[in-house]
Every structure is written in structure tokens, then in C-alpha cells.
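Structural characterization, general
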Amino acid sequence: MERASSPSQAPHRAGFACFVGRPNAGKSTLTNALVGTKVAITSNRPQTTRHTVRGIVHRPDAQLVLVDTPGLHKPRTLLGERLNDVVRTTWAEVDVIGFCLPADQKIGPGDRFIAGELAEIKKTPKVAIVTKTDLVDSKTLAEQLLAIQKLGQDLGIEWAEIIPVSAVASEGAGRSPSTKGGGGRGAGQVGLLADLLVPLLPESPALYPEGDLTDEPEQVMVAELIREAALEGVRDELPHSIAVVVEEMLPREGRPADKPLLDIHANVYIERPSQKGIIIGPKGARLKEVGMKSRKHIEALLGTPVYLDLHVKVAKDWQRDPKQLRKLGF
């Protein structure tokens, strides 16, 4: 009599998935919820992701490497053009593409623009992910699901799946569970999303060591955490104008082994002298708050006490200047 093959004999899968969508469609929040920790910066300001952050989801049957891209948008600056190039290059190299569409916003020209670009990529499986489902009732959600199906039909995209998720309820740290639909709902939905993405990956051994959550250099992640703190609560004109460069990360000399301290020196760059006051705040209060908030996240990320030294500098119109963009890491 033949023995049924046990589930453990199913082939291990590993590969890359990327989330695309308009700015502020919930891509970074989703990445963090799937990985189970903060690897991508989240902000209620659109267009805050500048680096392709990879979050790594480890499972017994698979390793899912999430590539988080900037939101595709109509570029107005050289930085904008470069961010769009990053998105298109990423799409060409991944195993599955997740197109994020917020449940609380009707499909607009920006979504159609992205869907049109996706339609050109024939071989890669595409999954439509309806984000922020905790913000709408079931009728609105059903209408959005139908609208997404129709969008695919109109453009000749065959969705491998259409998946509604609420990442907020499962994000944990720093977020209260969604009041609609109960706090546990999101965690299950995010798990289901991973279950549906895994079969679309190629058979492969793990690509990264167990325990790795991202392959971003620590300095880049530290800079992103500082930028996230700097973005909180500032006026609308500032999000694109802030760049952060970590100049130096060194263990403090002469400290006892059981009391290490990491010295981090970083510069926050803005485009115009008039923006300096906004970032620094009255008597330096805002910059101090940025330092305190980001230091907490940096210490959690690196697992060591940190001394953070922040300076605000002006890099005139850096978004339009190729030399400045290179210097700031773009």
C-alpha cells in the first residue's frame, strides 16, 4: 500500500514579492505586518519610502522576501523620476507583484496608470491586495472588490488572487487594534495573504539565514527611522524635502562590556533655510523630540543603547540636483 506523502515533503519555496501602488496605499504597513516588526517606515504622508526595503518572512515551508518600492507617481523632480525607475526595475526582477489598492478610496487615474504599466508585464503573477479594509463597511468593500476585478478585465490583467486585508490590526507595536471588526481580524488576514503568495514563488532553498528580517544596511535603516520621526507632525510641504544621512556609527570607546553605547552622528538635510526652523522647533524642542523618538526605535532595532547626535543642514534644492542626489544616496 502506498503511503500518502506527508506535508513536510512539500517542496520548500523561496522568492521575491513586491508591493506596488499609489503613494500611501498601505504598502509599508503591510510589509511591517507580514514581517512582524518595523522594517519599512510608515507615515501618513504620501511618498515617504525612498529605498527598496526588503522584509523577510520565514516559514517552515517557505521564505518570502518582500521588496517595498516607492509609490509610482507622476514625477515633478529628478528625484521623482529616479524613484519611478526604481519601481520599474523592481517589477522586472520579482516572482510575484502585489498591487495595493486602499478599500476606502475609489479607483482613480493613478491606480489605472499603475495597472496599465502592470498589464505590460506578462509573465509575473499579479495579486490585487485591498488594504485598509478596517476603514470601510462590507458593502463598500464588496463594491471595491468588483471594481478591481473589472479593472483587470478592462486591461487584460488576470489577477492570481484578489485579497482584502487590514494590516493595522496585526501591526502590533504602536498601533491600537482596529475598532471595526475586532483586533484579531487583521492578523489572520495578513497570514492568509502570506499563504496565498507562497504558492506563487519558485521552488528554492532559503535565500537568507534564519532570523534575518531585512537585508538593508543598518545605517540606511537608522537613517530611515530618523526621517520617519522628523516627518511626524510637520507641515505638508516638508515630506519630500527631508533626507537623512548617517555619517558615523561607532561603539563608544572605554565602555565596560556589559554597558555598551553606540554613538550615531546623523545629518538631517532640508532644501531651504526657511525649513530649518520647522525641523528644529522653538528652542530646539522639535529636533529634541525627533531625537528621542527615533532613538527608541533605533535601540529596539539594534538591541543596544544609543547616543544620537543630530544636526540639521541645508542642501539647496537637492531633489533637482544630480550631484546632491548622489551624495544623499539616491
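As shown above, the structure is provided for reference.
Note that the structure is a prediction, hence the values are computed from the model and not measured.

A few words on the packing of aromatic side chains. In total, this model carries 1 aromatic pair according to the counting rule given. Sitting over the ring of Tyr307, Arg252 keeps its end group 5.6 Å from the ring centre.

For Lys132, which is not a glycine, the phi torsion comes out positive at approximately 60 degrees. By secondary structure assignment, the location of Lys132 is in the loop between strand 5 (126–131) and helix 4 (138–155). Taking relative accessible area as the criterion, Lys132 reaches 22% and is therefore assigned partly exposed. Look at Lys283: it is not a glycine, yet its phi comes out positive at around 55 degrees. Following the sequence through the fold, Lys283 ends up in the loop between helix 7 (276–280) and helix 8 (285–302). Lys283 sits in the exposed class, given a relative accessible area of 91%.

Ranked by size, the top nonpolar core spans 25 residues in total, and within it Val222, Ile226, Ile242, Ile264, Ile298 and Leu310 carry the most contacts. Of all the elements in the fold, those that place two or more residues in this core are helix 6 (218–231), strand 7 (243–251), strand 8 (262–270), helix 8 and strand 9 (306–314). Looking at this core, the element that brings in the most residues is helix 6, giving 7 residues. For Ile298, the residues in contact, after removing those within four places along its chain, are Val222, Leu225, Ile226, Ile264, Gly303, Val306 and Leu308. Counting residues in hydrophobic clusters, the runner-up holds 23 residues, among them Cys18, Val67, Leu101 and Val130.

What follows covers the pairing of strand 4 (residues 96–102). Most of strand 4 sits out of view: 7 of its 7 residues are buried. Burial along strand 4 is two-sided: Val96, Gly98, Cys100 and Pro102 and Ile97, Phe99 and Leu101, pointing in opposite directions, are all buried. Summarising the sheet, strand 1 (residues 13–20) and strand 4 pair through 4 bridges and their orientation is parallel. Bridging across to strand 4, Cys18 finds its partner in Ile97. Inspection of the sheet shows strand 4 paired to strand 5 by 6 bridges, in the parallel sense. Among the inter-strand pairings, Leu101 is bridged to a residue of strand 5, identified as Val130. On the question of chirality, the crossover connecting strand 4 to the parallel strand 5 by way of helix 3 (residues 109–119) is right-handed.

Quick look at the pattern of salt bridges now. On inspection of all chains with the given rule, the structure shows 9 salt bridges. Residue Arg22 pairs with Asp111 through a salt bridge whose shortest N-O separation is 2.8 Å. Of the two residues, Arg22 sits in the loop between strand 1 and helix 1 (27–35) while Asp111 sits in helix 3, which places them 89 residues apart along the sequence. Neither Arg22 nor Asp111 differs from the other in exposure class; each is buried. Across the pair Glu289 and Lys293 runs a salt bridge, and its minimum N-O distance is 3.5 Å. You can see Glu289 and its partner Lys293 sitting in helix 8, 4 residues apart, about one turn around the helix. Shared partners join several salt bridges into a network, and the residues in it are Arg59, Asp61 and Asp195.

Pairing in this open sheet of 3 strands is mixed, and the strands run 7-8-9 from one edge to the other. Every other strand in the sheet has two partners, leaving strand 7 and strand 9 as the edge strands with one partner each. Taking each pair of neighbouring strands and ignoring which way they run, the sheet shows an average axis angle of 15 degrees. Taken together, the 8 bridges between strand 7 and strand 8 define a ladder with antiparallel strand orientation. In the strand pairing of strand 8, Pro251 is matched with Leu262. Its contacts with the sheet put helix 6 on strand 7, strand 8 and strand 9, and the angle it makes with strand 7 is roughly 125 degrees.

Quick notes on the rules
Residues numbered from 1 in each chain as written. Predicted model: local features only at pLDDT ≥ 70, side-chain atom pairs only at ≥ 80, totals over all residues. Heavy atoms only, no water. Phe/Tyr/Trp six-rings, centres within 6.5 Å; stacked < 30°, edge-to-face > 60°. Lys NZ or Arg CZ within 6 Å of the ring centre and 35° of its normal. Helix = DSSP H or I, 4+ residues; strand = E, 2+ residues; numbered from the N terminus. Buried < 20%, exposed > 50% of the residue type's maximum accessible area, 1.4 Å probe, protein only. Core = buried A, V, L, I, M, F, W, Y, C linked by side-chain atoms within 4.5 Å. Contact = heavy atoms within 4.5 Å. Pairing = 2+ DSSP bridges. Right-handed = clockwise from strand over helix to strand, strands pointing away. Salt bridge = Lys/Arg side-chain N within 4 Å of Asp/Glu carboxyl O. Axes fitted to C-alpha atoms, helices over the stretch in contact; angles between N-to-C directions.

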